[in-house]
Amino acid sequence: LAPATDALTARYLSGVDVFYTSFIRDEDALSASEVDALVDWVSSGGTLIISGDYIGVEAYETFSAPFGVSDWESFGAPASGMIVAAHPLTEGAADLGLQGHGYFSYGDDAIPLASAEGNTVMAVLEASSGYCDGGRVLVFGDTNIFSTRFDEYDHATLAANMVAWAA
């Protein structure tokens, strides 16, 4: 694990294999130079995991849009979700529970993996999906997916699969 940083730079990212974002408020949106550093890092083979939310959708947009993940919308109520595609990330998982989430659109080089309320809440961009800019990007629409409701839904399975995939 790398120490936290106040500024995302190429130097900081050079010592990181996987960069995981969690709850980000709109006032925490990345600057243009931070987005450039992140895009360059992913293009060089980095693995980016974006864990979005229903709060701060504009902030997530600032650094997910260069990867074709955009049009974040807010859904603040709890919802049940379901796996919609077989993938190593979804193996053994069927359902998920969302506290309040964001959903998003994605390009042709992404595989939607889960949905809730008819909207995509989990997608992956990697070589197998047609993403050929170097690294990989995994997007979740709810930061709470790995902190709540492990006993009710398949969150523990998804978390274990994510760690194995990222490794």
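Keep in mind it's a predicted model, so treat the numbers as computed, not measured.

**Quick notes on the confidence of the model for the protein chain**
Next up, step 1: Here the protein chain averages 91 in pLDDT, and 100% of its residues register 70 or above.
Next up, step 2: At the low end of the mean pLDDT range in the protein chain sits helix α3 (residues 57-64), at 88; at the high end sits strand β7 (residues 111-116), at 97.

**A word on the packing of aromatic side chains**
Next up, step 1: All chains considered together, the criterion is met by 4 aromatic pairs.
Next up, step 2: Ring centres of W72 and F104 lie 5.0 Å apart, and the angle between their planes is 45°; this geometry places the pair in the tilted category. Taken together, the residues span a long stretch of sequence, with W72 in strand β3 (residues 70-75) and F104 in strand β6 (residues 101-105) at a distance of 32 residues. For the residue pair W72 and F104, the accessibility class agrees, reading buried in each case.
Next up, step 3: The ring of W165 carries the charged tip of R136 above its face, separated from the ring centre by 4.1 Å.

**Quick notes on the nonpolar core**
Next up, step 1: F19, L38 and L48 are the most contacted members of the largest nonpolar core, which totals 28 residues.
Next up, step 2: Secondary structure elements with two or more residues in this core: α1 (10-13), α2 (32-43), β2 (47-51), α3, β8 (119-125) and β9 (136-140).
Next up, step 3: Here this core gets 5 residues from one element, more than from any other, and that element is α2.
Next up, step 4: Excluding its chain neighbours within four sequence positions, the residues that come into contact with L48 are F19, T21, L38, W41, V42, F67, R136, V137 and L138.

**Examining the pairing of β2**
Next up, step 1: When you tally the buried positions in β2, you get 5 out of 5 residues, the bulk of the element.
Next up, step 2: By the alternation rule, side chains of β2 split into T47, I49 and S51 and L48 and I50, which are all buried.
Next up, step 3: Judged from the 4 bridges that link them, strand β1 (residues 18-21) and β2 form a sheet pairing that is parallel. Paired with T21 across the two strands is I50, which belongs to β2.
Next up, step 4: Since β1 and β2 lie parallel, the crossover through α2 that links them has a hand, and here it is right-handed.
Next up, step 5: Alignment of β2 against β9, held across 5 bridges, turns out to be parallel. Each residue of the ladder has a partner; that of S51, found in β9, is F140.

**Here we look at a nonpolar patch on the surface**
Next up, step 1: Taken together, the side chains of F23, Y54 and I55 define a hydrophobic patch exposed on the protein surface, amounting to about 250 Å² of accessible area.
Next up, step 2: Along the chain, I55 falls in the loop between β2 and α3.
Next up, step 3: According to the relative accessible area criterion, I55 is partly exposed, its value standing at 37%.

**Quick word on the sheet that holds β2**
Sheets are built from strands that pair by backbone hydrogen bonding, the pairs being arranged parallel or antiparallel.
Next up, step 1: The strand order β1-β2-β9-β8-β7-β4-β5 describes an open sheet built from 7 strands, whose pairing is mixed. With one partner strand each, in any of the chains shown, β1 and β5 (95-98) form the two edges of the open sheet. Strand-to-strand twist across the sheet, computed as the mean angle between neighbouring axes with direction ignored, equals 20°.
Next up, step 2: Running over the sheet, α2 touches β1, β2 and β9 and is turned about 130° from β2.
Next up, step 3: In this fold helix α4 (residues 155-166) packs onto β1, β2, β4 (79-83), β5, β8 and β9, with an angle of close to 165° to the strand it touches most, β9.

**What about unusual backbone geometry?**
Next up, step 1: For D71, which is not glycine, the phi dihedral falls at a positive 55°.
Next up, step 2: With respect to the element layout, D71 can be found in strand β3.
Next up, step 3: Its relative accessible area of 49% is what places D71 among the partly exposed residues.
Next up, step 4: Its identity as a non-glycine residue notwithstanding, E117 has a phi of 55°, on the positive side.

Thresholds, definitions, all that
- Numbering of residues begins from 1 in every chain and follows the order in which that chain's sequence is written.
- Under the rules for a predicted model, residues below a pLDDT of 70 receive no local features and side-chain atom pairs below 80 are neither given nor counted, while totals for whole chains, interfaces and linings still include all residues.
- Hydrogens and water molecules were not included; the side-chain quantities draw on all heavy atoms of the structure.
- The predictor attaches a confidence to each residue, called pLDDT, with possible values from 0 through 100.
- For the purposes of this entry, the term helix denotes a DSSP run of H or I that reaches at least four residues, the term strand denotes a run of E that reaches at least two, and both are numbered from the N terminus.
- Put simply, two rings from Phe, Tyr or Trp (the six-membered ring, in Trp's case) pair if the centres are within 6.5 Å, and we call them stacked under 30 degrees between planes, edge-to-face over 60, tilted for the rest.
- Only protein chains enter the area calculation, which uses a 1.4 Å probe; residues under 20% of their type maximum are buried, those over 50% are exposed, and those in between are partly exposed.
- Both a distance and an angle decide whether a charge sits over a ring: NZ of Lys or CZ of Arg must be within 6 Å of the ring centre and within 35 degrees of the ring normal.
- Remark: nonpolar core denotes a set of buried residues (Ala, Val, Leu, Ile, Met, Phe, Trp, Tyr, Cys) joined through side-chain atoms within 4.5 Å.
- Should any heavy atoms of two residues lie within 4.5 Å, those residues are counted as being in contact.
- For two strands to be treated as a pair, DSSP must find at least two bridges joining them.
- Orient the strands so they point away from the viewer; a crossover is then right-handed if the path from the first strand over the helix to the second runs clockwise.
- Patch construction takes residues with relative accessible area above 30% that form no salt bridge. Like charges are linked within 9 Å, and nonpolar side chains (Val, Leu, Ile, Met, Phe, Trp, Tyr) are linked within 5 Å.
- For the area figures, the Shrake-Rupley method with a 1.4 Å probe applies, and any residue is considered shielded solely by the protein chains shown.
- We define a salt bridge as a contact between a side-chain nitrogen of Lys or Arg and a carboxyl oxygen of Asp or Glu at a distance within 4 Å.
- Working convention: axes come from line fits to C-alpha atoms, limited for helices to the stretch in contact. Angles between N-to-C directions cover 0 to 180 degrees.

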